Amino acid sequence: MLFRSSDDDRLSLALAAYNAGPSRIYDAQELAAYMGENPNSWESVRNVLPLLSKRYYSLHQAVWGEEKPKNGYFGSYKQTLTFVDNIMTTYHEFLQEPN
């Protein structure tokens, strides 16, 4: 899947891919689509990232037919969420600064 969405969504998804790896974000997008959410929305991907952890293996079986996502479990989702939040906050603060 490509990161086709609003500028903020696209930037957030790119930052998440930088931090977690594109394959993890693709897994999250696939899971979001499975759950009826917009896979190109950062909010949707943000909400499903925790579901890539090992504890949701039964959901993984329903989506991928295996006990884990295509690119493995992802337990470090909190770091990715914090990374994206921090950069986006700074970015928006920078945009509001007068020249």
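Use the structure listed above.
A few points on the structure. The shown structure was predicted, so the numbers you read here are calculated from the model rather than taken from an experiment.

1. Focus on the nonpolar core
Ranked by size, the top nonpolar core spans 23 residues in total, and within it Ile25, Leu31, Trp42, Val45, Leu49 and Leu52 carry the most contacts. Contributions of two or more residues to this core are made by α1 (7-20), α2 (22-34), α3 (42-48), α4 (57-64) and α5 (77-96). At five residues, α1 tops the list of elements feeding residues into this core. In this structure Leu52 touches Arg24, Asp27, Ala28, Leu31, His60, Trp64, Pro69, Gly72, Tyr73 and Phe74, once residues within four positions along its chain are discounted.

2. So, the packing of aromatic side chains
For the coordinates displayed, the defined rule picks out one aromatic pair. Consider the rings of Tyr18 and Phe83, whose centres lie 6.1 Å apart with planes at 25 degrees: the pair is stacked. Residue Tyr18 is found in helix α1, and its partner Phe83 is found in helix α5; the two are separated by 65 residues along the sequence. For Tyr18, a relative accessible area of 68% gives the class exposed.

3. Quick look at the pattern of salt bridges
For the structure on display, the rule yields three salt bridges. Among the salt bridges present, the one from Arg10 reaches Asp7, with a minimum N-O distance of 2.4 Å. On the criterion of helical spacing, the pair formed by Arg10 and Asp7 is a turn pair, its members being three residues apart in helix α1. As a salt-bridge pair, Arg46 and Asp85 come within 2.4 Å of each other at their nearest N and O atoms. Linking Arg46 in helix α3 with Asp85 in helix α5, this pair joins segments that are 39 residues apart in sequence. For Arg46, a relative accessible area of 18% gives the class buried.

What counts as what
Residues numbered from 1 in each chain as written. Predicted model: local features only at pLDDT ≥ 70, side-chain atom pairs only at ≥ 80, totals over all residues. Heavy atoms only, no water. Core = buried A, V, L, I, M, F, W, Y, C linked by side-chain atoms within 4.5 Å. Buried < 20%, exposed > 50% of the residue type's maximum accessible area, 1.4 Å probe, protein only. Helix = DSSP H or I, 4+ residues; strand = E, 2+ residues; numbered from the N terminus. Contact = heavy atoms within 4.5 Å. Phe/Tyr/Trp six-rings, centres within 6.5 Å; stacked < 30°, edge-to-face > 60°. Salt bridge = Lys/Arg side-chain N within 4 Å of Asp/Glu carboxyl O.

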